[in-house]
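# Coordinates in review
The chain contents come next:
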Amino acid sequence: MAKKAKISDERRNLIKEFIASNELKTTEDVENALRNLFKDTLQEMLNAELTEHLGYEKNEYTDGKENYRNGYSNKIVHSSQGDINLNVPRDRNGSFDPIVVEKDQKDISNIEHKIIRMYARGMSNKDIYDQIEEIYS
C-alpha cells in the first residue's frame, strides 16, 4: 500500500488562501479558478518578457528609447483546460519574440502542468518565468 504524501504547512496555507480568495464550492469552481490562474500567469509572464526585452518597466520614463510598447494582439491558445484568450504584448519594432507562448504556438498543454505544479509549490510569478525561460531557451 502506497504511503500517503503529507502536504507541508506552507502549501496547505497557500491552498486555503486560494480556496478562500476564489470562494470555491464545487469542482467546476476549482477548474475555472485554475484556468484563470493559468491565464493570469501566462499573461504576467508575457508582460514580463516584453519588459525584459525593452529594458524598462511599463510607464517608466527614459530618454533615448529605441523601441516602445505598442499595444496587444489577441491570441487563442489550446490547453487541457480549454481555450485561453491571451493578450500578447507588442513592440513597435516588431522584434519581440515571446518565449513562454511563441508566435505560432497554438497548443500550450505541455507547459500547463509544469506551471500549475510550480504554483502549488509556492513559487512566485518571477520564479516560474525564470524556470520556463530556462526550459525553452
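Our subject is the structure listed above.
What comes next is a walk through the structure.

Criteria and cut-off values
Residues numbered from 1 in each chain as written. Predicted model: local features only at pLDDT ≥ 70, side-chain atom pairs only at ≥ 80, totals over all residues. Heavy atoms only, no water. Salt bridge = Lys/Arg side-chain N within 4 Å of Asp/Glu carboxyl O. Buried < 20%, exposed > 50% of the residue type's maximum accessible area, 1.4 Å probe, protein only. Pairing = 2+ DSSP bridges. Helix = DSSP H or I, 4+ residues; strand = E, 2+ residues; numbered from the N terminus. Patch = residues over 30% accessible without salt bridge, like charges linked within 9 Å, V, L, I, M, F, W, Y side chains within 5 Å. Areas by Shrake-Rupley, 256 points an atom, 1.4 Å probe, with all protein chains shown as cover. Lys, Arg positive; Asp, Glu negative; His and termini not counted. Charge placed at Lys NZ, Arg CZ, Asp CG, Glu CD. 1 Å grid on protein atoms, 1.4 Å probe; cavity = no way out; pocket = protein on both sides within 12 Å on 5 of 7 lines; lining within 4 Å. Points joined across faces, edges and corners; volume = space filled by probe spheres on them. Nonpolar A, V, L, I, M, F, W, Y, C, P; charged D, E, K, R; others polar.

Here we come to the pattern of salt bridges. Throughout the structure, instances matching the rule amount to one salt bridge. Here D97 ties to K103 by a salt bridge, and the two come within 3.2 Å at their closest N and O atoms. Under the relative-accessibility criterion, K103 is labelled partly exposed at 47%.

A regular strand places its side chains on the two faces of the sheet in alternate fashion. By the bridge criterion, nine bridges tie strand 1 (residues 69-79) to strand 2 (residues 82-91) in an arrangement that is antiparallel. From the neighbouring strand, H78 faces strand 2, where its bridge partner is D83. Counted along the chain from strand 1 to the antiparallel partner strand 2, the turn is two residues long.

Moving on, we come to a positive patch on the surface. A contiguous patch of positive charge on the surface is contributed by R11, K114, R117 and R121. With respect to the secondary-structure elements, R121 resides in the loop between helix 3 (109-120) and helix 4 (125-136).

The phi dihedral of E23 is positive, around 50 degrees, even though this residue is not glycine. Mapped onto the secondary structure, E23 falls in the loop between helix 1 (9-22) and helix 2 (27-54). Positive phi, normally seen in glycine, also occurs at N59, with a value near 65 degrees. As for its placement among the helices and strands, N59 is situated in the loop between helix 2 and strand 1.

Moving on: the layout of surface pockets. Space left empty within the atom packing is revealed by a probe, the size of a water molecule, rolled over the atoms. In this model, the largest pocket occupies a volume close to 460 Å³. Lining the largest pocket are 17 residues, and of these L14, I15, F18, L37 and Y119 sit closest to its centre. If you list the elements that add at least two residues to the lining of the largest pocket, you get helix 1, helix 2 and helix 3. Tallying contributions element by element places helix 1 first for the lining of the largest pocket, with eight residues. Of the residues contributing to the lining of the largest pocket, the split by class is 12 nonpolar, three polar and two charged. One number sums up the size of the second largest pocket: a volume of about 190 Å³. Forming the walls of the second largest pocket are E44, N47, A48, L50, T51, E57, K58, R69, G71, Y72 and P89.

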